Amino acid sequence: MATEEASGGATGDGGAGSLAFVTMTVGDLRLALPMSSVHAVIRPPELVRIPLGPPGLEGLAHWHGDAVPVLDLAMALGRDGGTPDTRETRVVLVGHRGQPVGLRVDAMAGILRSDPDRIDPVTAEDGGLDPAMLDGLLRDGPATILKPDVLIDRQFGDPGESARTAGAGGLVGGFGQVAGPGDDQSAGAKAAGAIDRLALLVFEVAGQEFALPVERVREVLPAPREIARMARSRAHLLGVMSVRDRLLPLVGLRALFGLDGAGEQGAGEQEGGRRVVVVRPGQGQAPVGVLVDEVREILRLDAAQIDPVPPFLAREPEFEDLDGIARADGGRRLVSVLSAGRLFRHGAAIGAEKNVDGGSDGMEPARPADAGSKGGMAERFVVFSLAGAEYGLPVAAVREVLRRPDSITPLPNAPDFVSGVLTLRGEVLPLIDQRRLLHLPAVSGDAAAGIARGRVVVVGHNGADAARVGLLVDGLSGLVTIPAERIGPAPTVSAAQRRLIRRVATLVPREPELAGRDAGGAARLILLMDAESLLDMDRLAGLLVTQQ
């Protein structure tokens, strides 16, 4: 993202009392903003759409570690917006209640300095604009001075009212001020303490399903374009990839189990869905990566549903890498459960090969699950895709992730965002259409053809009076461990968004294994949803009815 920084001074060369303004054009309007309110002027960045916002909100952009909302200034002023970007299009970043906000404009006109006596008051609507949003008319422009705080408050709502309406949800007042991560963790801790079934992350390799216990999965990363091969290693020992300036050994299941299919050397010409499941073998052991074709779902099964490998197969070397066979869907599906400890044995072999060549051990030291990259805490999230954006829920709040059912039983008199119900192990589970809930476009055209890859994310807690709901999403991205310093408050754009999406994770390009892009690419923004709000159906329905 190219940046054209603007000075924040308010006085200039025009005289001791002169004022500085950044001027710009929007349609047939020539507008000005006080230089003191402008942080920077940048070229249009890549945007991630944030739901439940005003019509003029284009999305979130990454800027200097912040997730910044970007408004179409034309639409915010009541004009026709949505025009395509040109070479002249810019985004003006202004400060608003302690956080930056982007205003998309057609072009920059320059910097203008003017004496106060050459600024005329606004006596009537100028160019059809509401005088309450204007601060005067520059004779030397000529240009109309905007009040950015008034304009932005009209788009995002009054912050005082936001604090009053959201107080019961644990929020504090102010633009973008939210409850800290401890609130989500406390809810997750309750759920974690109640888990009485084994959670398995299911993935596919060469058309066959494998699984690992979720507690052994540290995170799921995009497959690298290239893999550094180690000398004299066996075929299933693929090599190493860089993760946070350390080397992660990679194991390929195709070669390990003699499966048919394409080779596993990198993902440059493979489908973009390939992932690396990072496994934590055990205390004091370094992580190992498993290259897979696709992450499918998260299943929670009783221990009785996981059978040991039959004795006559257990004697074969390749079956030593399995801990058992899981019977899912009433026994109609058999999923091979991998042994995390034995995968470490393979990864250690790669480390040994590197030492033979004279290098140092490239294995990354094991770290606790909650250790961040700078010694702080980290959180683990189940990440899913929806309408081109990524959302996350705390792992402890996600009961399982299922394939989207072929048919859904309608539920009479239910809110519009409830698609119906399905029966899951004798329990009736309401299904929430996330696109309707978040006011996102419905699936149509070519996108509808891929709906079979959709998933149901089951959110809830255990217990006698447990509340659970299923979220209909486009696909499952996997598990991501996010350091605390990469998680911040989500910009507040509406009361409904403030309750459902309180935080956002920003994974920067210099961590490509997290950002999922090349080092020179844009940051990856993950919108973190509040599980407690998703479970409060009555309050959720009431909140969305009043959404403007």
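Up top is the structure.
Note that the structure is a prediction, hence the values are computed from the model and not measured. (Residues numbered from 1 in each chain as written. Predicted model: local features only at pLDDT ≥ 70, side-chain atom pairs only at ≥ 80, totals over all residues. Heavy atoms only, no water.)

Observations concerning the overall build of the chain
Moving on, step 1. Each helix and strand counted, the chain has 13 helices and 34 strands in total.
Moving on, step 2. Scored against the burial criterion, the 548 residues of the chain give a buried share of 51%.
Moving on, step 3. Counting contacts in the chain only where the partners sit at least 6 residues apart, residues at least 24 apart contribute 63% of the total. (Helix = DSSP H or I, 4+ residues; strand = E, 2+ residues; numbered from the N terminus. Buried < 20%, exposed > 50% of the residue type's maximum accessible area, 1.4 Å probe, protein only. Contact = heavy atoms within 4.5 Å.)

Observations regarding the pairing of strand β2 (residues 19–26)
Moving on, step 1. Where burial is concerned, most of β2 is hidden: six out of the eight residues are buried.
Moving on, step 2. Inspection of the sheet shows β2 paired to strand β9 (residues 107–114) by seven bridges, in the antiparallel sense. Bridge pairing in β9 links Thr23 to Gly110.
Moving on, step 3. Bridging between β2 and strand β3 (residues 29–34) involves six bridges; their strand directions are antiparallel. (Pairing = 2+ DSSP bridges.)

Points about the sheet that holds strand β32 (residues 487–489)
Moving on, step 1. The mixed open sheet is built from six strands, whose spatial order is β31-β24-β25-β34-β33-β32. If you trace the sheet from one side to the other, it starts and ends with β31 (475–483) and β32, each paired once. Pairwise comparison of adjacent strand axes, ignoring direction, gives a mean angle of 35° for this sheet.
Moving on, step 2. As paired elements, strand β24 (residues 378–386) and strand β25 (residues 389–394) share six bridges and run antiparallel to each other. Residue pairing in the sheet places Phe384 in a bridge with Tyr391 of β25. (Axes fitted to C-alpha atoms, helices over the stretch in contact; angles between N-to-C directions.)

Description of the sheet that holds strand β15 (residues 217–222)
Moving on, step 1. Sheet architecture is open: five strands sit in the order β15-β18-β19-β17-β16, paired in mixed fashion. The outermost strands of the open sheet, each flanked by one partner alone, are β15 and β16 (237–243). Pairwise comparison of adjacent strand axes, ignoring direction, gives a mean angle of 30° for this sheet.
Moving on, step 2. Sheet topology places strand β18 (residues 275–279) next to strand β19 (residues 288–292); five bridges connect them, and they run antiparallel. From the neighbouring strand, Val278 faces β19, where its bridge partner is Gly289.

Observations concerning the packing of aromatic side chains
Moving on, step 1. Summed over all chains, the structure comprises two aromatic pairs.
Moving on, step 2. Considering the side-chain rings of Phe210 and Phe257, the 5.3 Å spacing of their centres and the 25° angle between planes classify their relative orientation as stacked. With Phe210 in strand β14 (residues 208–213) and Phe257 in helix α5 (residues 253–257), this residue pair connects regions lying 47 residues apart in the sequence.
Moving on, step 3. Given the relative accessible area of 2%, Phe210 is considered buried.
Moving on, step 4. On the accessibility criterion, Phe257 (18% relative accessible area) is buried.
Moving on, step 5. Judged by centre distance (5.9 Å) and plane angle (10°), the ring pair of Phe384 and Tyr391 falls under stacked. (Phe/Tyr/Trp six-rings, centres within 6.5 Å; stacked < 30°, edge-to-face > 60°.)

Brief notes about the side chain of Ser37
Moving on, step 1. Relative to the helices and strands, Ser37 resides in the loop between β3 and β4 (38–42).
Moving on, step 2. Of note is the side chain of Ser37, whose polar atom sits 2.8 Å from the backbone oxygen of Pro34.
Moving on, step 3. Among residues more than four places away in sequence, those in contact with Ser37 are Leu93, Val94, Gly95 and Pro148. (Polar contact = N/O pair within 3.5 Å; in protein donor to acceptor, adjacent residues only side chain to side chain.)

Section: the environment of Leu112
Moving on, step 1. As for its position among the elements, Leu112 is in strand β9.
Moving on, step 2. For Leu112, a relative accessible area of 18% puts it in the buried group.
Moving on, step 3. The spacing of Leu112 and Val22 is 90 residues in sequence and 6.4 Å in space, taken between C-alpha atoms.

A few points about the environment of Val401
Moving on, step 1. Assignment of secondary structure puts Val401 in strand β26 (residues 398–403).
Moving on, step 2. On the basis of relative accessible area, Val401 is assigned to the buried category, the value being 0%.
Moving on, step 3. Sequence separation between Val401 and Leu471 is 70 residues, and the spatial gap between their C-alpha atoms is 9.2 Å.
Moving on, step 4. Excluding residues within four positions of it along the chain, Val401 makes contact with Glu297, Ile298, Val382, Arg455, Val456, Val457 and Leu476.

A few points about the side chain of Arg455
Moving on, step 1. Relative to the helices and strands, Arg455 resides in strand β29 (residues 455–460).
Moving on, step 2. In terms of polar contacts, Arg455 uses its side chain to reach the backbone carbonyl oxygen of Arg296, at 2.4 Å.

Quick word on the pattern of salt bridges
Moving on, step 1. According to the stated counting rule, one finds 26 salt bridges in the structure shown.
Moving on, step 2. For Glu209, the salt bridge goes to Arg333, with nearest N and O atoms at 2.9 Å. Here Glu209 is found in strand β14, whereas its partner Arg333 is found in strand β23 (residues 333–338), with 124 residues between them in sequence.
Moving on, step 3. What makes Glu209 buried here is its relative accessible area of 12%.
Moving on, step 4. The buried category is assigned to Arg333, whose relative accessible area is 11%.
Moving on, step 5. One salt bridge in this structure joins Arg502 and Asp530, with 4.0 Å as the shortest N-O distance. Here Asp530 lies in the loop between β34 (524–529) and α12 (531–535) and Arg502 lies in strand β33 (residues 501–507), a separation of 28 residues in the sequence.
Moving on, step 6. Residue classification places Arg502 among the buried positions, given a relative accessible area of 8%.
Moving on, step 7. Among the charged side chains, a network of salt bridges with common partners joins Glu204, Glu209, Arg296, Glu297, Asp329, Arg333 and Arg403. (Salt bridge = Lys/Arg side-chain N within 4 Å of Asp/Glu carboxyl O.)

Focus: the nonpolar core
Moving on, step 1. Judged by nonpolar contacts, the single largest core of 95 residues is most densely connected at Leu73, Tyr391 and Leu393.
Moving on, step 2. Other than its neighbours up to four places away in sequence, Leu393 contacts Arg380, Phe381, Val382, Phe384, Val398, Val457, Val459, Leu471, Met529, Ala531 and Leu534.
Moving on, step 3. Among the nonpolar cores identified, the runner-up in size contains 18 residues, and Leu299, Ile306, Ala326 and Val337 belong to it. (Core = buried A, V, L, I, M, F, W, Y, C linked by side-chain atoms within 4.5 Å.)

Looking at the environment of Arg275
Moving on, step 1. Among the structural elements, Arg275 can be located in strand β18.
Moving on, step 2. Given the relative accessible area of 18%, Arg275 is considered buried.
Moving on, step 3. Distance in space between the C-alpha atoms of Arg275 and Val292 is 5.4 Å, their sequence separation being 17 residues.
Moving on, step 4. Apart from residues no more than four positions distant in its own chain, Arg275 is found in contact with Val220, Leu221, Pro222, Ala223, Val290, Leu291, Val292, Val295 and Ser477.
Moving on, step 5. Among the polar contacts listed, one links the side chain of Arg275 to the backbone oxygen of Ser477, at a separation of 3.5 Å.

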